Amino acid sequence: MNKLKELFEQMRGLDPNDPGRWPLPVRIGTVVLLFLLVASAGYWYFVWKSKRPELLAARAMEAELWDTLETKARRAANLQAYKDQLAEMEKSFGAMLRQLPNKTEVPNLLVDISQTGLAAGLEEKLFQPQGEIRKDFYAELPISIRLTGNYHQMGNFAGGIAALPRIVTLHDIEIAPAGKEGRGSSSGDLVLNVTAKTYRYLDEEEQEKDTAAKAEKGKKKGTRKTSEKKGKQPAGKD
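For clarity, every value in this text was computed on a predicted model and none was experimentally measured.

On a plain count of helices and strands, the protein comes out with six helices and five strands. Mapped in sequence order, the helices and strands of the protein form the string α-α-α-α-β-β-β-α-β-β-α. Across the 238 residues of the protein, 20% fall into the buried class. Of the roughly 18,300 Å² of accessible surface on the protein, a fraction of 58% belongs to carbon and sulfur atoms.

What follows covers the side chain of S114. By the secondary structure assignment, S114 is in helix α4 (residues 106–119). Since its relative accessible area comes to 13%, S114 is described here as buried. The residues touching S114, leaving out its near neighbours within four places in the chain, are E124 and F127.

Our next topic: the pairing of strand β5 (residues 190–201). With 10 of its 12 residues buried, β5 lies for the most part within the structure. Pairing of strand β3 (residues 138–149) with β5 involves 12 bridges; the strand directions are antiparallel. Each bridged residue has a counterpart across the sheet, and for A139 the counterpart in β5 is R200. Pairing analysis gives eight bridges linking strand β4 (residues 168–177) to β5, with the strands arranged antiparallel. If you follow V168 over to β5, its bridge partner there is T198.

The next subject is the packing of α4 against helix α5 (residues 151–162). Between α4 and α5, the shortest axis-to-axis distance is 8 Å and the interhelical angle comes to 150°. As judged from the angle between their axes, α4 and α5 are roughly antiparallel. Considering the relative orientation of α4 and α5, their crossing is right-handed. Note on element contacts: α5 touches α4 through F157, G160 and I161, opposite I113, T116 and G117.

Before going further, it helps to examine unusual backbone geometry. Unlike most non-glycine residues, D172 shows phi in positive territory, near 50°. Along the chain, the position of D172 falls in strand β4.

Time to look at the environment of V194. Along the polypeptide, V194 turns up in strand β5. Using a relative accessible area of 4% as the deciding quantity, one classes V194 as buried. Apart from the residues within four sequence positions on either side, V194 is in contact with I143, S144, I145, L170, H171, D172 and I173.

What follows covers the packing of aromatic side chains. This structure, assessed with the given rule, holds one aromatic pair. Ring geometry for Y138 and Y199: centres 6.0 Å apart, planes at 70°, overall edge-to-face. Linking Y138 in strand β3 with Y199 in strand β5, this pair joins segments that are 61 residues apart in sequence.

So, about α4. Spanning 14 residues, α4 covers 20 Å between terminal C-alpha atoms, matching the ideal 20 Å at 1.5 Å per step. Every buried residue belonging to α4 is among V106, L109, L110, I113, S114, T116 and G117, and all of these are buried. All buried residues of α4 fall inside an arc of 150° around its axis, so they share one side. Facing away from the buried side of α4 by more than 90 degrees, the exposed set consists of N108 and A119. Close packing links the buried residues of α4 with β1 (123–129), β3, α5, β4 and β5. Phi turns positive, to about 90°, at G121, one or two residues after α4.

Parameters and conventions
- Residues numbered from 1 in each chain as written.
- Predicted model: local features only at pLDDT ≥ 70, side-chain atom pairs only at ≥ 80, totals over all residues.
- Heavy atoms only, no water.
- Helix = DSSP H or I, 4+ residues; strand = E, 2+ residues; numbered from the N terminus.
- Buried < 20%, exposed > 50% of the residue type's maximum accessible area, 1.4 Å probe, protein only.
- Areas by Shrake-Rupley, 256 points an atom, 1.4 Å probe, with all protein chains shown as cover.
- Contact = heavy atoms within 4.5 Å.
- Pairing = 2+ DSSP bridges.
- Axes fitted to C-alpha atoms, helices over the stretch in contact; angles between N-to-C directions.
- Parallel < 35°, antiparallel > 145°, perpendicular 65-115°, else oblique.
- Left-handed = near helix turned anticlockwise from the far one by under 90°.
- Phe/Tyr/Trp six-rings, centres within 6.5 Å; stacked < 30°, edge-to-face > 60°.
- Expected span 1.5 Å × (residues − 1).
- Arc of directions from axis to C-beta.

Function-wise, these values are silent; they only describe arrangement.
Here's what the structure looks like:
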């Protein structure tokens, strides 16, 4: 305790303008303290201040990577369920494709649609297949149909269409009193105007031809636009 008191007394009497006369322990302590202060300031300025943005970016990247890892881990845990679902979808898609007629089956399907109306007791006034409308991987075949009969016969016709082994959908349904167009046998006769649509799957060769035709059409369209732009440019001065 006496030594500490003496040291404190000596420190009180230190002359800041003459550090050379300070006691040796005080000089060593002062040098160490100054060194620590300078080192801390240098570390903060040259290391912490310059590297902090990189540290924050690394932490953000770490959080993002953790999120990605968790997402992929969940997907990996459900991988078998996804495979089973994909297999079921492929099976369902194959079953739907089998319901689409091919080129050779379309005429028979048209006959089946016509016979369905006759079997329901309806009188056929119009049965007119329209032009084929091609989509991405299938073709749509609309048929304009006009039938006359009573309400229950029309319901039987719709049920018969739904029972066909091929996909046939009914669109633009209009039902009106028969009037002069009817058979005249009953005042309850109605006229059914409807568009029946069936669908045909396009084989690979047809899809390739359609893709090539679209590409050629787009190329010609682009060439035509370029020619039009050139034709609109003002003539240069002589």
